[in-house]
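Topology and contacts: notes
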Amino acid sequence: MPHPHATAIAQALVDWFTAHGRDYPWRRTTNPWAILVSEIMLQQTTIPTVLGRYEAWMAQFPTPAHLAAATEQEALRSWEGLGYYRRVRALKAAAHAITEQFNGHFPESEADIRSLPGIGDYTVGAVLSFAYNRAAPLVDANVSRVFARLFNDFTPIDSPAGRRLHWQWAAEMVHLTNPRAYNSALMELGQTICTGSEPKCLTCPIRTWCRAEVPEALPVKLPKKAVTALEHRDILCVRGDSILLEKQSEGKRHEGMFRLPRRSEAETADLPLLATQKYSITRYKVTRRLYRADADCTPSPGEQWLPLAELQNIPLASPDRKILRRMGY
């Protein structure tokens, strides 16, 4: 059922955000392209990381036409360190669509925005509310946490039923005249007040209407998938002024990017170990062992010699970039 005090809650959130909302560069603009870029960047990436990259990236690609004209390598290199590279590919595809189908003008209708490649419900709601100030719903992890506690709801938020319910609440409760501030407030409330651990209920602007009996017990999530351990054996093969790298083929996680060549345990058994690196990617914990290969090593299919002088311009996944820097490259 809709919350009986939805209007009062929405206004309280707008008032709170007007007084206490944080200042981010993407909140100083209503440019839909800038909004879209910020939202794509912020998916699965922390705000401090995006703050360190957003303005420089926008200076490089200030319009869809600029990104559409860039090569795949330039686009991937620009995104290095932000992870989840399918996002920049989707953004580049959207830039092409805006340039070719809409003559470079960002579309304004919901149907046209939704037609852009890689744009889902959340991004549509973000662009409509933040760029055009239209009463559109949006739900992210912070919004779901606020709703679960506000309604004292124990439906797992990552289940199909939970997602449907939260999108319904988001549509019913959105502020009709200031959705830009309202949606920003909902997300910021989850980031700063209604946090995952130790929610600051006494300072919450909507505590009067919150039904949560044990806020720390909410939200409920489905059981986590098991973490899988992976071990990679890679080689560092340098010949004169060139380095051997493998270009990731279509359909792979880092498609279009380069990585250090991978070899089997038998192929690395007699090679000197240079470094061990550990990192996590979604459900995987990776241990990489890097070995020094002879300069006359034979390239495998998909591998190629590239100039060391161009290494800074070659798109690499962050773990590869980091370990190469450790090696002095």
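All values derive from a computational prediction rather than experimental measurement.

**Thoughts on the nonpolar core**
- Judged by nonpolar contacts, the single largest core of 73 residues is most densely connected at Trp33, Trp57, Phe147 and Ile206.
- In terms of residues, this core owes the most to one element, helix H1 (residues 6-20), which gives 8 residues.
- In this view, Phe147 contacts Asn152, His166, Trp169, Ala170, Met173, Tyr182 and Leu186; residues no more than four positions away in its chain are not counted.
- With 14 residues, the next largest nonpolar core counts Val238, Leu260, Ile323 and Leu324 among its residues.

**Focus on the state of the cysteines**
- One pass over the structure, following the stated rule, counts 1 disulfide.
- Each sulfur of the disulfide joining Cys237 and Cys297 lies 1.9 Å from the other. What sets the handedness of the Cys237 and Cys297 disulfide is the S-S torsion sign, and at about -110° it is left-handed. Here Cys237 is found in the loop between strand E1 (228-236) and strand E2 (238-239), whereas its partner Cys297 is found in the loop between strand E6 (284-292) and strand E7 (303-307), with 60 residues between them in sequence. Residue Cys237 shares its accessibility class with Cys297, and that shared class is buried.
- Between Cys210, a free cysteine, and Cys201, which holds the nearest cysteine sulfur, the sulfur-to-sulfur gap is 6.5 Å.

**Concerning H1**
- When the terminal C-alpha atoms of H1 are compared, their 21 Å separation across 15 residues agrees well with the 21 Å that a helix rising 1.5 Å per residue should span.
- If you check which residues of H1 are buried, you get Ala6, Ile9, Ala10, Ala12, Leu13, Val14, Trp16 and Phe17.
- Summarising the contacts, the buried residues of H1 are in contact with helix H10 (141-150), helix H11 (160-173) and helix H12 (179-192).

**Examining unusual backbone geometry**
- Cis peptide bonds are those with omega within 30 degrees of zero, and the linkage from Leu218 to Pro219 qualifies with 0°.
- By secondary structure assignment, the location of Pro219 is in the loop between H12 and E1.
- Even without being glycine, Tyr84 reaches a positive phi, approximately 45°.
- If you trace the backbone, Tyr84 turns up in the loop between helix H6 (72-79) and helix H7 (86-101).
- Even without being glycine, Asn133 reaches a positive phi, approximately 55°.
- Counting through the fold element by element, Asn133 comes out in the loop between helix H9 (121-131) and H10.

**Thoughts on the packing of aromatic side chains**
- Inspection of the entire model under this criterion finds 7 aromatic pairs.
- Ring geometry for Tyr24 versus Trp26: centroids 5.1 Å apart, planes at 25°, classification stacked.
- The class for Trp26 is buried, based on a relative accessible area of 7%.
- Between the NZ or CZ atom of Arg134 and the centre of the ring of Tyr132, over which it lies, the distance is 4.8 Å.
- When the ring centre of Trp305 is taken as reference, the NZ or CZ atom of Arg239 above it lies at 4.0 Å.

**Overview of the pairing of E6**
- Relative to E6, E1 runs parallel, the two sharing 9 bridges. In the sheet register, Thr228 faces E6, and the bridge partner there is Tyr284.
- In this structure, strand E5 (residues 273-281) lies alongside E6, joined through 8 bridges in antiparallel fashion. In the sheet register, Tyr279 faces E6, and the bridge partner there is Val286.

**Describing helix H2 (residues 32-42)**
- Where burial is concerned, most of H2 is hidden: 10 out of the 11 residues are buried.
- Along H2, the residues classified as buried are Pro32, Trp33, Ala34, Ile35, Leu36, Val37, Ser38, Glu39, Ile40 and Met41.
- Buried residues along H2 sit in contact with helix H3 (47-51), helix H4 (54-60), helix H5 (64-69), H6, H7 and H9.
- Where H2 begins, the capping side chain belongs to Asn31, and its oxygen is found 2.9 Å from the backbone nitrogen of Trp33.
- Following H2 by one or two positions, Gln44 has its phi on the positive side, about 65°.

Reading the values: the criteria
- Residues numbered from 1 in each chain as written.
- Predicted model: local features only at pLDDT ≥ 70, side-chain atom pairs only at ≥ 80, totals over all residues.
- Heavy atoms only, no water.
- Core = buried A, V, L, I, M, F, W, Y, C linked by side-chain atoms within 4.5 Å.
- Buried < 20%, exposed > 50% of the residue type's maximum accessible area, 1.4 Å probe, protein only.
- Helix = DSSP H or I, 4+ residues; strand = E, 2+ residues; numbered from the N terminus.
- Contact = heavy atoms within 4.5 Å.
- Disulfide = S-S within 2.5 Å.
- Expected span 1.5 Å × (residues − 1).
- Phe/Tyr/Trp six-rings, centres within 6.5 Å; stacked < 30°, edge-to-face > 60°.
- Lys NZ or Arg CZ within 6 Å of the ring centre and 35° of its normal.
- Pairing = 2+ DSSP bridges.
- Polar contact = N/O pair within 3.5 Å; in protein donor to acceptor, adjacent residues only side chain to side chain.

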